[in-house]
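# Structure assessment
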Amino acid sequence: MLVGLYRDGALRQRIRKGYVIAGDDPAEVLRPLLGRALTPERQAPVVRGEAQPAEAGRVWLDSGPVSLSTPAARARIARSLADATAALAVAVRRRGGVLLPSGYAPGGPPTSAWLTGDEHDVEVHSDVQRELCTNLFRLHSAALVALTGRSAYGPHTAGGQGSRRLAETTDQLTTRYLHSASPAHLERVTASLSRDEGVTRLGLMDVDPLGGADGAFPAVTLRMIDAQILVTDTMAHALLVQALAIRARRFEREGRRVPALLQQIVDRNRSRAVAHGLAASFDVESGGQGRQGRGGAGPGRGGGPRTTADQPKARPQARVRKAHRVCLELLKDLTPEFQAMDVGFAEIAPMLAGLALQDTHPLAARNENDLVASWRRTAPADLDGRHVAGRLADADWLLTDHVTAQVRGLAPGSVSLLALAWEQPLAWNTPARPAKKDRPPTHAPGGHPAKQHPGQPSQPPRTAAALLTALERAGNPSGAASLALVREHLAGGGGGNLDRELRNHAQAREIRRSLRPPRGQTVTAGEAHFTWDSEAAAQAVALARRHGAALLACDVPVADKLDLNASVRRCVQRRPEGLAVLTLASTVYRSEQGQRAKSELLLVDLAGDSAAAESPAGGEGRPADDKSPARRRPPSDDRERDNHDLPVGEEAAR
């Protein structure tokens, strides 16, 4: 009996995207813009800043409370931040100033006024969540600094690794472990900071447990992340922060505590990350990243009152690990949390691609520090102040993933293989398991559970290979005969990914042709981002319900392959009611327009009439002059058809 159901997901988050205003009087330039939304859209980011006389003025674009739970919501937030940044750059230029990225130094090494950060507020619903979020962010603070740190750069500044802002700041220190987020214990932590560091504000730590000072929602604030140039990188970091917060909430539900890493190890690792970034080496306790004693014993300095009983007699020896490996393992470990937010590979590729290929491609960009270094090697003129400022006025440039593009330019094949390797773990494709493993559920052709007679032996779910064998034995029939075999396969609990089995099958081409419905039941889409509400997909669904089956063929430039795969994955997971969706092909082929990527989805109406599939190939014909993307016919050229049946990567061998 089901007694509880949990699904960990994203809560609200607030992003403050940081930049710097340069000019004769940055405060005068910024003052009229404070508190304003520069774009007309609903919930547009608002300008925040410090209107004080200084060499340069720090400014933030405040997204307000937003949800990162779906890809569509994240795309909207990214677009709003990019549009607001472009509008801010234009508004600043009209007032005689220049909007620049944090850390950019046109005339030499920057001072602290030229350095700022991206701040992230993560919503919490209880003091327990506040404690767990703070301690989990503290545990991974060195990895976050190494991954997001920004060094200074410019035409006369060499750049480097690490975080220039955290190296020069005088109002930020490492986070202390919290035994509890109760007011009484927070007072003891404040007293400890006053005694050890001479400060009396928890808000000066890298992680502020009492964030959200404006009262919009109770939150924990991260202050350790440097301001990024690109909106795509800021959104990737926001996903990483939210994934850690989801894990903290799961800890609360399971009654777990965050291990208490020694404070001296946290301080030492953070210092190395600030100085050397992803080139640093971290101390990691042997047998785990920390310990979890009874009640979550404190980590050392700054955790409140300690007794002799709280102190372990011996601590495990620390071992040294490379920072980039620690960061890569963190991303891999957070796969379930990324999966809960329906994150695609393209969204975390700015953090992941360079780290994963670091050993084989040392010049692959892992973050914006490496990206700036590649610009210096290949196009030093791009570091000119006018050129840098002009880029911030281009919203499309800010939304382009330049980090992954640099890695793809060095190793296109490796990046494609990496994307394929990550698509499966990130996908919600694990079928529901029956209560008894020896009796898997079977379904009748109408989609209802089949009756199990007493004494009847249970049958294992059919595999894709079994369907291919059945089609091959039947002579690869078409029309109603092939559709009947497909329905029988689905009734036996068979899976829907046929492309993987067909890639190395001797009769792959013949089987695909037998399974494809007539051309009158085929719809071709030319967009990489689509859902079941899109024009082409909705037309394919209508054809499947009318005729029993339909084919949705998505054909896009190869550069959009990752977005296409993400859309296909989401549509397979969230198929329309009463329909089964089988992946018939996923391939790359050459055409006169260059390399193209194509995916074919076979839609089968589980309750439909198989005889309906025997409509003539020309049935439901379309006007010959109809060239809309949703109505283009499948390729008729023999060369393209041959390429169409090739698995991914085989076209290179041709």
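Note that the coordinates shown come from a computational prediction; the quantities given were computed from them, not determined experimentally. (Residues numbered from 1 in each chain as written. Predicted model: local features only at pLDDT ≥ 70, side-chain atom pairs only at ≥ 80, totals over all residues. Heavy atoms only, no water.)

### Examining the overall build of the protein
Within the protein, the regular secondary structure consists of 24 helices and 13 strands. Considering only residue pairs separated by 6 or more positions, the protein has 77% of its internal contacts joining residues 24 or more positions apart. As displayed, the protein offers around 28,800 Å² of accessible surface, 51% of which is attributable to carbon and sulfur atoms. (Helix = DSSP H or I, 4+ residues; strand = E, 2+ residues; numbered from the N terminus. Contact = heavy atoms within 4.5 Å. Areas by Shrake-Rupley, 256 points an atom, 1.4 Å probe, with all protein chains shown as cover.)

### Looking at the packing of helix α2 (residues 71-94) against helix α7 (residues 231-254)
A pair of packed helices is captured by two measures, namely the crossing angle of their axes and the spacing between those axes. Relative orientation of the contacting elements α2 and α7 amounts to 140 degrees, with a least axis distance of 10 Å. Regarding the angle of α2 to α7, the classification is oblique. In the packing of α2 onto α7, the handedness of the crossing is right-handed. Judged by residue contacts, R74, I77, A78, L81 and A82 of α2 engage V231, M235 and L239 from α7. In the contact of α2 with α7, the residues fall into 7 nonpolar, no polar and 1 charged. (Axes fitted to C-alpha atoms, helices over the stretch in contact; angles between N-to-C directions. Parallel < 35°, antiparallel > 145°, perpendicular 65-115°, else oblique. Left-handed = near helix turned anticlockwise from the far one by under 90°. Nonpolar A, V, L, I, M, F, W, Y, C, P; charged D, E, K, R; others polar.)

### Let's talk about the sheet that holds strand β11 (residues 549-557)
Spatially, β10-β11-β13-β12 is the arrangement adopted by the 4 strands of the open sheet, whose pairing is mixed. Edge positions in the open sheet fall to β10 (522-525) and β12 (579-591), since each of these has one partner strand only. Across the sheet, the mean angle from the axis of one strand to that of its neighbour is 20 degrees, orientation sign disregarded. When β12 meets strand β13 (residues 594-605), the two strands line up antiparallel, connected through 12 bridges. Looking at the pairing, S586 lines up with S599 of β13. Each of β11, β12 and β13 is contacted by helix α18 (residues 480-491), which is oriented at about 75 degrees to β13, the strand it contacts most. (Pairing = 2+ DSSP bridges.)

### With respect to a positive patch on the surface
A cluster of basic residues, R36, R93, R94 and R95, forms a positive patch on the protein surface. Residue placement: R95 occurs in the loop between α2 and β4 (98-100). Since its relative accessible area comes to 36%, R95 is described here as partly exposed. (Patch = residues over 30% accessible without salt bridge, like charges linked within 9 Å, V, L, I, M, F, W, Y side chains within 5 Å. Salt bridge = Lys/Arg side-chain N within 4 Å of Asp/Glu carboxyl O. Lys, Arg positive; Asp, Glu negative; His and termini not counted. Charge placed at Lys NZ, Arg CZ, Asp CG, Glu CD. Buried < 20%, exposed > 50% of the residue type's maximum accessible area, 1.4 Å probe, protein only.)

### Considerations on helix α6 (residues 183-196)
Helix length check: α6 (14 residues) gives 20 Å between terminal C-alpha atoms against 20 Å at 1.5 Å per residue, within 8%. Residues of α6 that are buried: H185, L186, V189, S192 and L193. For α6, the angular spread of buried residues about the axis comes to 110 degrees, placing them on one side. Those residues of α6 that are exposed and angled more than 90 degrees off the buried face are P183, E187 and R195. Turning to α6, the residues buried within the fold contact β6 (207-211). (Expected span 1.5 Å × (residues − 1). Arc of directions from axis to C-beta.)

### What to know about the nonpolar core
Ranked by internal contacts, the top residues of the largest apolar core, which has 112 residues, are F137, F338, F345 and I348. Counting residues per element, this core draws most heavily on α7, which supplies 13 residues. Residues contacting F338, with those up to four places away along its chain left out, are L239, L240, A243, L331, V343, I348 and L426. By size, the runner-up hydrophobic cluster in this structure holds 24 residues, among which are A544, V568, L579 and V588. (Core = buried A, V, L, I, M, F, W, Y, C linked by side-chain atoms within 4.5 Å.)

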